[in-house]
Amino acid sequence: MGFARTCAVALVGVEGVVVEVQADLEPGVAAFTLVGLPDKSLTESRERVRAAVVNSGVGWPQKKLTVGLSPASVPKGGSGFDLAVACAVLGAAERIDPRVLADIVMIGELGLDGRVRPVRGILPAVIAAADAGYAQVVVPECSAVEASLVPGVSVLGVRSLRQLIAVLTDEPVPEEEPDDPGRPDPLLAGLRVPGAAAATGVHSPGAAQHEGGHDLADVVGQLAARTAVEVAAAGGHHLFLEGPPGAGKTMLAERLPAILPRLAREESLEVTAVHSVAGLLPAGKPLIDVAPYCAPHHSATMQALVGGGPGIARPGAVSLAHRGVLFLDETPEFGSHALDALRQPLESGHVVIARSAGVVRFPARFLMVLAANPCPCGRFSRHDALCECSPAAIRRYQARLSGPLLDRVDLRVEVDRVTRAELAGRVAEGESSATVAARVLAARDRTGARLAGTPWRTNSEVPGHELRSRFRPVPGAMDEAERGLERGVLTVRGLDRVLRVAWTVADLLGHDRPDATDVALALQLRTGVPRGVPLAIGALT
């Protein structure tokens, strides 16, 4: 009787579970049985593994073969177990020393010719292996750079099963014929499914924004909206832009990632892990270090927004926008159930999806930007009477955004039409993204120094009770906001959010604590009621 074992990783969302792959050979009628709660794609690995082993020049054992995946209670799916199954079988057949395989984690799909193909979720799988104490990982050659992002793990990238067998048996490693230059690598086919990002509106994560293609200087006028965008970036506050079509709401949202600071190492690994599971990692960029930008279409379903799908749930737009920007254009056109499903991740920073196949938890700490027209025709305004919608139609349209959802939005700004003077350049040109980004980075540094030793990174994450007891403003600064609470203009949550925004304004201006001017600007950005303070942050410094 021959027995061997090695390890692979089963992904549940962006979290991994190390699975022991055991192979047992016994005398009897030749058969191949795979047990351990595999799904359809994993069951089909029997034929892939058999063909890959034979085409790699190794004889297939003509005995009763049983491959077990332990723990058997964890659902397992995908083709990433192929490499581990093949090596466990070869270990049981004594082609490879079973002792060599015991402490190695293997991740990869096998082609029928023995080539090792990449799979999605390499980074979270290697992170799970490292957390479980494993120091050696075998991955496809084209995924070795992504796997090497995890410190403390020795990564071996192989292009074929023949090469791996030679490495494990101390034989000369055969050279694989390179593909024709100039042609796409066939091993990468299927790793990025065409159209996978279409439903969630994921752009190449942050690349275009940081390359200077989107600059705030391109936005004409809109002083209040530009200030709100800067405050949102500095404190991680959610933003609601309301105005007629063509006023620049989408332009402002697209330029928001350009003024966000680059991601820290830990944040980069979180974002990269989510995009790796979704199969959306940019080609040649294994680590995402800039804020992602996700803009789903208003026809997106609840599953496309928060995650879901058949079997084990896949990440949705809120998770793909983790540590970045989620832009919902034409927000009233989204389904009410889909919008209300955003309440939980807005508060907790993660989303939990329960399905019959298991419960999945995805990170979802994003900066949400909502954009809407004031009415169905888009021309309703306090400054003119061009709107032809009835008052009842306007109320129905605006009621599509529920009060609990809007109460979680810190900044609400009305975006006016661009005037002829502004368009002709008679008004001073706004600041560039580079100038605003430098101010945002300085504000983030002040916030980080103040919140050092706490679990929070931005002002928007600080709980209300901490704001009222530990991070207090200048005495008397909150008097006007507290009067708004008494009159019912603000809720208690709204009052806390005003204080959070006031702290962000103070960080942008270099104040030690928010004063009455900082709170007044925060109130104006939340309620839209003028408070007699300049809107431009640069004018206050």
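A tally of regular secondary structure across the protein gives 24 helices and 16 strands. A principal-axis box enclosing the C-alpha atoms of the protein has dimensions of 85 × 50 × 45 Å. Among the 541 residues that make up the protein, the fraction classed as buried is 51%. If you take every contact in the protein between residues at least 6 apart in sequence, the share linking residues at least 24 apart comes to 72%. Accessible area of the protein: about 23,300 Å², with a carbon and sulfur share of 53%. The average position of the 55 basic charges and that of the 60 acidic charges among the side chains of the protein differ by 5 Å.

What follows deals with the environment of I353. Relative to the helices and strands, I353 resides in strand β13 (residues 350–355). Judged by its relative accessible area of 5%, I353 falls in the buried class. Here the alpha-carbon distance between I353 and R99, two residues 254 residues apart in the chain, equals 40 Å. Not counting residues up to four positions away in its chain, the partners in contact with I353 are V306, G307, G308, A313, G358, V359, V360 and F362.

Attention now goes to the pattern of salt bridges. Under the counting rule described, the total for this entry stands at 27 salt bridges. In this structure, R50 engages E47 in a salt bridge whose closest nitrogen and oxygen atoms are separated by 3.9 Å. A residue pair is termed a helical-turn pair when its members lie 3 or 4 positions apart in one helix, as R50 and E47 do in helix α2 (residues 45–55) at three residues. Among the residues examined, R50 registers a relative accessible area of 29% and is labelled partly exposed. Using a relative accessible area of 48% as the deciding quantity, one classes E47 as partly exposed.

This part takes up the packing of aromatic side chains. Applying the stated criterion to the full structure yields two aromatic pairs. Seen from their ring centres, F32 and W60 are 5.6 Å apart, and the 40° between their planes marks the pair as tilted. Taken together, the positions of F32 in strand β3 (residues 31–35) and W60 in the loop between α2 and β4 (64–70) put the pair 28 residues apart, joining distant regions of the chain. Take W60: its relative accessible area is 12%, and that puts it in the buried class. Measuring from ring centre to ring centre gives 6.4 Å for F471 and W503, while their planes differ by 85°; the resulting arrangement is edge-to-face. Taken as a pair, F471 in the loop between α20 (464–469) and α21 (479–486) and W503 in helix α22 (residues 492–509) lie far apart in primary sequence, 32 residues in all. In this pair, the class of F471 matches that of W503, namely buried.

A few words now on the pairing of strand β12 (residues 325–328). Neither face of β12 is open: one carries V325 and F327, the other L326 and L328, and all of them are buried. Of the strand pairs in this sheet, strand β11 (residues 293–294) and β12 are connected by two bridges, and their pairing is parallel. The residue bridging Y293 from the neighbouring strand is V325, located in β12. Note: β12 against strand β15 (residues 367–372), four bridges, orientation parallel.

Definitions and limits used
Residues numbered from 1 in each chain as written. Predicted model: local features only at pLDDT ≥ 70, side-chain atom pairs only at ≥ 80, totals over all residues. Heavy atoms only, no water. Helix = DSSP H or I, 4+ residues; strand = E, 2+ residues; numbered from the N terminus. Buried < 20%, exposed > 50% of the residue type's maximum accessible area, 1.4 Å probe, protein only. Contact = heavy atoms within 4.5 Å. Areas by Shrake-Rupley, 256 points an atom, 1.4 Å probe, with all protein chains shown as cover. Lys, Arg positive; Asp, Glu negative; His and termini not counted. Charge placed at Lys NZ, Arg CZ, Asp CG, Glu CD. Salt bridge = Lys/Arg side-chain N within 4 Å of Asp/Glu carboxyl O. Phe/Tyr/Trp six-rings, centres within 6.5 Å; stacked < 30°, edge-to-face > 60°. Pairing = 2+ DSSP bridges.

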